[in-house]
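So the chains spell out like this:
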Amino acid sequence: MVLYALRRIPSALVVLFLASVAIFAVLHLAPGNPAVVLAGPDADSVTIAAITHQLGLDRPLPVQYAIWLRGILTGQLGQSYVLGAPIASLIGRGLGNTAQLTGAAVLLAVGLGFAAGTIGATTRSRVVRAAVVTFTTISFAVPTFISGVLLVLVFAVWLRVLPPGGHASLVTDPLGGLRFLILPAVCLALPASAVIARFLQTSLSAVLEDEYIRTARAKGLPAARTLLRHALPNALPPVVTVLGIQIGQLLGGAVIVEAIFAWPGLGQLILQSFVSRDYLVVQDLVLLAVTVFIVFQTLTDIAHAALDPRIRLGS
Amino acid sequence: MASVAHHGPTRAEMLAMLGGAALAGLGAPASAAPKRGGVVQIAQVPDVIPSGLFGQNFPNGAIGGLIYNTLTAYDHRTLAPRPQLAKSWDVSRDGTTVTMQLRSDVKFHSGRPFTSDDVVFCIKNMQDPARGSQLRSTASVVTDLSTAGPGEVKLRLAHPVSNLFDLFELMFIVDRESLPDMLAGKSLIGTGAFTWKQWNPGDSVTLARNPAYWKPNRPYLDGVELRIIPQTQALLAALQAQQIQLALGLAPKDVVSLHGNKAFETVVGDTHDAAFYVGSNVNVKPLDRREVRQAVSFAIDRERILKDVFGGLGAAQSVPWPQSSPAYDAGDARRYHFDPDRAKQLLKASGNEKFETSLAINSGLAPASAIAQIVEFNLQQVGITTTTVSFDAAQFIKRLAGGDLPGLWVNVHGFGQMHPATLVVSAFPFNAAKNASNFRDPRYSAAVNEAWTATNDRAERAACRKVTGVLLEEQFVADCVLTSGTYAGVPAFRDFSYNMYDYLNFDDATLG
């Protein structure tokens, strides 16, 4: 098993190396560079050339690549060309904030989705069922840039019960942090909760028609116990599959929600960095994403091998 | 040395200055004693870029003027320089020597006294192309700097320049001992009313009151927090929810939507520092023909752009100069107005009744797309078919700097509000030697040089007439609408001001 795991590492490193070359090449082939952005729209070519030289962007591309790779390997990510700030702290702060937002959104999506899906599958009231369908349809159909603005308008501008945007640390100011977190997390969670609710409702409705459920009811088992112990666990597999996909989409959707709610996460960082051609920040962020993906792929391979001896013996 | 000089403000100038300050403030001046204390929350869309503080990039105007001082500050109406860190100055009759007396009671936030050596450092720093200052050409005219003690600095110039005080208006006096920390955004040390506390990139900048500020009993505020809100709708919502007390750079239509709402006050700046224009690459046929460029200019409905895109906040005009500029002339400003028939005649005369070309826009420039739609429609009406090409900011600026934009483009330029020479020397679209349009003309170069080196008002105005004449005739830059920065806030926040490049000044600001 350990040998199997070790055999995965070289191929993962090769993929990582090739990815780093591709990321570097694609970014540097895109027109424009950070010197142009820093110089501004009124700058002349002498100014742009001087800033290009100062940033080291006039060196040959292989040299720039080697310097970047050495920085990655030694843990020295360097400084943002445009902002001037250390990249490690930029990414660290953004990562923490995005994790907070998506974590809260996942919890909310699961909570809302399970509640709506379960109610939709078990209720006999047409009105309640219609209400659930309305909730899931609207939540899914309305894009986050619309729902975000509406949430701000209602809860921040009209009712003034929550801030319209911004961020506070959950560690140093838990209550304040929570107030800032609610609206963006709800906005991000709504579409995912609708998908979860729809899948759960369909799956649970089918399970509730199964004969073993009828048997449980005939035996006089309480409805709640029948639902929680027998029906729900059997309805979960398709929901878990879709939940995994939704988490990935939540990370993608965070870019828009972060902009609407001025949430300083990774989405904003990568967007602004790409627009300003802040090469090092974009390269580091994309490489980080690739690394995370490769690590999870490798762990999945290892998990499959652990569960199925044929895989590790076969390889 | 013979002197023609400026020894600080005269009484008339002082009155003008007071009027200017009131105009620049948000809300009426407070009648009672100013209220001390409070941390004002302000917000803008773009993040600050500390390494760009020597360039004239917009995002830094919100903090630069709070942390740093400049040597002088213009009166907005007369463009007469006022003392700041320089308390008086003498300019020699031939305009090649300037002697400045400096304040002796100024300290940097680090506690180090401000001296003439700091002025020498800052001017040399501005001469470095790597600092990205658009005033580098003017700074580079200073060929020798000498000091006579900590309170006097003497500048010798290679030739007289009429826009030297634009340099002093825009040049932050920075602490020479901490320049690397400043460029890295770690610590910004100046002599201004507020000290740098913390910067969370993409989120906020926190400033605190400078207790040792050289202006007695100033500032009134305890601090300033600048929040970065990367979406204009969210910026408006933050103001409407009163989460912030001042929103910088709201979209004009959002500003208009606040009019009549007593919970908010809006100010449209009097600097008129953003001129939206349609540029032509004269290397692209048939835009190499002057008549074709003139036709394009006559075809553009400037009034519609002003109304539909800017909510009427600004001026539709065909010159880059605002009314406060010595180069402004009302007839010139109206020279190109919406006249499709005239445009068709010019196209016919040039033998290009119908043609196709590109219309490039910078996707990072908010109003560009809306302006381009109007221009595209206008040009279509006179027989010019355009294909809109959208570039992101980095691509657009690179092509602009290389004179490589394919045909026409929509963009914005600044500097018209400063001394006329600054526009034609420092704003790349107008640079006589090399510009985005690839336009060269000995007449233009001579007129620009004459305006730059003029030693008196009369010569300067005469030279400016020549510059404007060439600009209007050649139309390689067709100015369309002149707008200003917008400030929208709550009435409780009052008495702030800004300089001619929108550097904020909260020396007298209070939070009621």
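Residues numbered from 1 in each chain as written. Chains lettered and ligands numbered in written order. Predicted model: local features only at pLDDT ≥ 70, side-chain atom pairs only at ≥ 80, totals over all residues.

S.K.: How do you make sense of the overall build of chain A when you look at a structure like this?
M.R.: Helix and strand counts for chain A stand at 13 helices and 0 strands. When its helices and strands are written in sequence order, chain A yields α-α-α-α-α-α-α-α-α-α-α-α-α. In chain A, which comprises 315 residues, the proportion classed as buried is 39%. (Helix = DSSP H or I, 4+ residues; strand = E, 2+ residues; numbered from the N terminus. Buried ≥ 20, exposed ≤ 12 C-beta atoms within 10 Å, placed from the backbone.)

S.K.: What am I meant to see in the overall build of chain B here?
M.R.: From N to C terminus, chain B includes 17 helices and 23 strands. In terms of principal-axis extent, the alpha carbons of chain B reach across some 70 × 60 × 40 Å. Here chain B holds 512 residues, and 56% of them are scored as buried. A fraction of 72% describes how many contacts in chain B between residues 6 or more apart in sequence connect residues 24 or more apart. (Contact = placed C-beta atoms within 7 Å.)

S.K.: Help me understand the confidence of the model for chain B, please; the structure alone is not making it clear to me.
M.R.: Parts of the model with low pLDDT should not have their predicted coordinates read in detail. All names here are of chain B. Mean pLDDT for chain B: 89, with 93% of residues reaching 70 or above. Below a pLDDT of 50 lies the segment residues 1-25, which in the model reaches 40 contacts outside its immediate sequence neighbourhood of four places, other chains included. Confidence estimates for the predicted assembly give a pTM of 0.84 and an ipTM of 0.77. (pLDDT = per-residue confidence, 0-100.)

S.K.: Looking at this structure, I do not really get the interface of chain B and chain A. What am I missing?
M.R.: Interfaces are often described in size by the accessible area the parts lose on coming together. Each side of the interface is counted separately: chain B has 48 residues, and chain A has 47 residues. Of all the secondary-structure elements, those providing two or more residues to the side of chain B that touches chain A are strand 10 (223-228), helix 7 (232-240), helix 14 (393-401) and strand 17 (407-413) of chain B. In terms of residue class, the side of chain B that touches chain A is made up of 21 nonpolar, 21 polar and 6 charged. (Nonpolar A, V, L, I, M, F, W, Y, C, P; charged D, E, K, R; others polar.)

S.K.: What exactly am I supposed to notice about the environment of aspartate 144 of chain B here?
M.R.: Residue and element names in this part refer to chain B. Among the structural elements, aspartate 144 can be located in strand 6 (residues 142-147). Classification of aspartate 144 by C-beta neighbours within 10 Å gives exposed; the count is 10. Put simply, aspartate 144 and lysine 124 are 20 residues apart on the chain and 9.8 Å apart in space, counted from C-alpha to C-alpha.

S.K.: Which parts of the structure should I look at to understand the packing of helix 5 (residues 87-122) of chain A against helix 6 (residues 126-141) of chain A?
M.R.: Angle between the axes and distance between the axes: these two values describe a pair of packed helices. All names here are of chain A. Between helix 5 and helix 6, whose axes approach to 9 Å, the crossing angle comes to 145°. The element helix 5 and its partner helix 6 pack so that their crossing is left-handed. Contacts between helix 5 and helix 6 pair Ala116, Ile119 and Gly120 from the former with Val128, Arg129, Val132, Phe135 and Thr136 from the latter. Residue classes in the contact of helix 5 with helix 6 are distributed as 5 nonpolar, 2 polar and 1 charged. (Axes fitted to C-alpha atoms, helices over the stretch in contact; angles between N-to-C directions. Left-handed = near helix turned anticlockwise from the far one by under 90°.)

S.K.: How do you make sense of the nonpolar core when you look at a structure like this?
M.R.: Considering soluble globular proteins, one finds that nonpolar side chains tend to be buried as a cluster. Ranked by size, the top nonpolar core spans 237 residues in total, and within it Leu235, Ala247, Val296, Val410 and Ala451 of chain B carry the most contacts. Here the element with the most residues in this core is helix 8 (residues 174-208) of chain A; it accounts for 17 residues. Beyond its immediate sequence surroundings of up to four residues, alanine 451 of chain B is in contact with Ser162, Pro420, Ala421, Val424, Glu460, Ala463, Cys464 and Val467 of chain B. (Core = buried A, V, L, I, M, F, W, Y, C linked by C-beta atoms within 7 Å.)

S.K.: Is there a simple way to think about helix 14 of chain B in this case?
M.R.: Counting along an α-helix, one turn takes 3.6 residues, and residues three or four places apart therefore face a common direction. The element helix 14 of chain B is largely enclosed, with a buried count of 7 among its 9 residues. For helix 14 of chain B, every residue scored as buried is listed here: Ala394, Phe396, Ile397, Lys398, Arg399, Leu400 and Ala401 of chain B. Where helix 14 of chain B is buried, its residues contact helix 2 (34-39) and helix 3 (45-54) of chain A together with strand 15 (355-362), strand 16 (384-391) and strand 17 of chain B. Looking at the residues trailing helix 14 of chain B, positive phi occurs at glycine 403 of chain B, about 60°.

S.K.: What am I meant to see in the pairing of strand 8 (residues 194-200) of chain B here?
M.R.: Within a regular strand, side chains alternate between the sheet's two faces. Residue and element names in this part refer to chain B. Both strand 8 and strand 9 (residues 204-209) contribute to a ladder of 6 bridges, which runs antiparallel. Looking across to strand 9, one finds that glutamine 198 is bridged to threonine 206. Hairpin remark: strand 8 followed by strand 9, antiparallel, with 3 residues in the connecting loop; positive phi at glycine 202, about 80°. (Pairing = 2+ DSSP bridges.)

S.K.: It is not clear to me how the environment of valine 256 of chain B should be interpreted in this structure. Could you clarify?
M.R.: Residues and elements named next belong to chain B. Take valine 256: it is sitting in helix 8 (residues 252-258). For the pair valine 256 and glycine 311, spaced 55 residues apart in the sequence, the C-alpha separation amounts to 6.7 Å. Not counting residues up to four positions away in its chain, the partners in contact with valine 256 are Gly311 and Leu313.

S.K.: Help me out: how do you make sense of the sheet that holds strand 6 of chain B in this one?
M.R.: Paired through backbone hydrogen bonds, the strands of a sheet run either parallel or antiparallel to each other. Residue and element names in this part refer to chain B. Spatial ordering of the open sheet is given by 4-5-7-6, a layout of 4 strands whose pairing is antiparallel. One side of each edge strand has no neighbouring strand; the edge strands of this open sheet are strand 4 (86-91) and strand 6. Direction aside, neighbouring strands of the sheet carry axes that sit 20° apart on average. Of the strand pairs in this sheet, strand 5 (residues 97-102) and strand 7 (residues 152-157) are connected by 5 bridges, and their pairing is antiparallel. For threonine 97, the partnering residue across the bridge sits in strand 7 and is arginine 156.

S.K.: What is the right way to look at the packing of helix 9 (residues 211-218) of chain A against helix 10 (residues 223-260) of chain A in this model?
M.R.: All names here are of chain A. Running from N to C, helix 9 and helix 10 point in directions that differ by 155°, and their axes come no closer than 11 Å. If you check the angle between helix 9 and helix 10, you find them roughly antiparallel. Note that helix 9 runs across helix 10; the crossing there is right-handed. Here Tyr212, Ile213, Ala216 and Arg217 of helix 9 come into contact with helix 10, specifically with Thr226, His230 and Ala231. (Parallel < 35°, antiparallel > 145°, perpendicular 65-115°, else oblique.)

S.K.: I'm lost on the sheet that holds strand 15 of chain B in this one. Help?
M.R.: Residue and element names in this part refer to chain B. Read across the open sheet, the 6 strands follow the order 14-18-13-17-15-16; overall the sheet is mixed. In this open sheet, the two strands that pair with only one neighbour each are strand 14 (315-316) and strand 16. Of the pairings in the sheet, the one linking strand 15 to strand 16 comprises 8 bridges and is parallel in character. Each residue of the ladder has a partner; that of serine 358, found in strand 16, is threonine 387. Each of strand 14 and strand 18 (477-483) is contacted by helix 10 (residues 302-310), which is oriented at about 40° to strand 18, the strand it contacts most.

S.K.: Explain the confidence of the model for chain A here, please?
M.R.: A residue-level look at chain A finds 97% of positions with pLDDT of 70 or above and a mean pLDDT of 86. Predicted confidence in chain A is weakest over helix 13 (residues 309-314) of chain A, with a mean pLDDT of 65, and strongest over helix 8 of chain A, with 92.

S.K.: Which parts of the structure should I look at to understand unusual backbone geometry?
M.R.: Of note, the amide linkage connecting arginine 218 of chain B to proline 219 of chain B takes the cis form, showing an omega dihedral of -10°. Tracing the backbone shows proline 219 of chain B in the loop between strand 9 and strand 10. Cis peptide bonds are those with omega within 30 degrees of zero, and the linkage from lysine 285 of chain B to proline 286 of chain B qualifies with 0°. Mapped onto the fold, proline 286 of chain B is located in the loop between strand 13 (274-280) and helix 9 (290-299). A positive phi angle is found at alanine 262 of chain A, which is not glycine, with a value near 50°.

S.K.: Would you take a moment to explain helix 17 (residues 457-474) of chain B for this structure?
M.R.: Residue and element names in this part refer to chain B. Compared with the 26 Å implied by 1.5 Å per residue over 18 residues, the 26 Å span of helix 17 between its first and last C-alpha is a close match. Of all the residues in helix 17, the buried ones are Glu460, Ala463, Cys464, Val467, Thr468, Val470, Leu471 and Leu472. Looking at the buried positions of helix 17, the neighbouring elements they touch are helix 11 (330-333), helix 15 (420-426), helix 16 (442-453) and strand 18. Phi turns positive, to about 50°, at glutamine 475, one or two residues after helix 17. (Expected span 1.5 Å × (residues − 1).)

S.K.: Hey, could you run me through the pairing of strand 10 of chain B in this one?
M.R.: Pairing of strand 1 (residues 39-44) of chain B with strand 10 of chain B, which is carried by 6 bridges, proceeds in the parallel orientation. Looking across to strand 10 of chain B, one finds that isoleucine 42 of chain B is bridged to leucine 226 of chain B.

S.K.: Help me out: how do you make sense of the environment of alanine 295 of chain B in this one?
M.R.: Residue and element names in this part refer to chain B. Along the chain, alanine 295 turns up in helix 9. The exposure class assigned to alanine 295 is buried, which follows from the 29 C-beta atoms found within 10 Å. Along the chain, alanine 295 and isoleucine 384 lie 89 residues apart, while their C-alpha atoms are 9.8 Å from each other. Beyond its immediate sequence surroundings of up to four residues, alanine 295 is in contact with Ala343, Leu346, Leu347 and Val382.

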